[in-house]
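# Residue-level structure breakdown
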Amino acid sequence: TIKKAKESGKGQINPCIRKDINKVVDFIDIEDITEKASLCRCWRSKNWPYCDGAHGAHNRATGDNTGPVVVRHKEN
Ligand code: FES
């Protein structure tokens, strides 16, 4: 059941971020991004929602290939 899966954590992508809520949603105002913003996609950053490089250890430990999405301004 969903309840059992939730309790075991099996199959979950998110190991530790805000586990007390039902859905993690973050808002970043575009105007506040001065140069660029690297957003975590491995769910292991301690600076969520921003990438702190934790994907490197995760990738080495698991053979995964995760990395951030970088939001930037167009180069002129
Ligand atoms: Fe998660 Fe970099 S720390 S993508």
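Placed above this text is the structure.
Residues numbered from 1 in each chain as written. Predicted model: local features only at pLDDT ≥ 70, side-chain atom pairs only at ≥ 80, totals over all residues. Heavy atoms only, no water.

Take the overall build of the chain next. When its secondary structure is counted, the chain shows two helices and two strands. Ordered by position in the sequence, the α and β elements of the chain form the string α-β-α-β. The principal-axis extents of the C-alpha atoms in the chain amount to approximately 50 × 30 × 20 Å. In the chain, which comprises 76 residues, the proportion classed as buried is 21%. Look at the contacts in the chain between residues 6 or more apart in sequence, and 45% of them connect residues 24 or more apart. (Helix = DSSP H or I, 4+ residues; strand = E, 2+ residues; numbered from the N terminus. Buried < 20%, exposed > 50% of the residue type's maximum accessible area, 1.4 Å probe, protein only. Contact = heavy atoms within 4.5 Å.)

Further remarks concern the environment of I30. Relative to the elements of secondary structure, I30 occurs in the loop between α1 (2–8) and β1 (36–39). What makes I30 exposed here is its relative accessible area of 63%. Considered as a pair, I30 and R44 are 14 residues apart in the sequence and their alpha carbons are 23 Å apart.

Here we come to the side chain of N59. Among the secondary structure elements, N59 is positioned in helix α2 (residues 54–62). The exposure class of N59 is buried, given its relative accessible area of 16%. Look past the residues within four positions of N59 in its chain and what remains in contact with it is D64, N65 and T66.

Scanning the entire structure with this criterion turns up one aromatic pair. Ring centres of W43 and W48 lie 4.4 Å apart, and the angle between their planes is 25°; on these two criteria the pair is classed as stacked. Residue class for W48 comes out buried when judged on its relative accessible area of 17%. (Phe/Tyr/Trp six-rings, centres within 6.5 Å; stacked < 30°, edge-to-face > 60°.)

This paragraph deals with unusual backbone geometry. Geometrically, the link from W48 to P49 is a cis peptide bond, its omega value of 10° lying close to zero. Note that P49 resides in the loop between β1 and α2. With a phi angle near 65°, W43 is a residue other than glycine that sits in the positive phi range. Mapped onto the fold, W43 is located in the loop between β1 and α2.

Remember, this is a structural readout, not a statement about activity or role.
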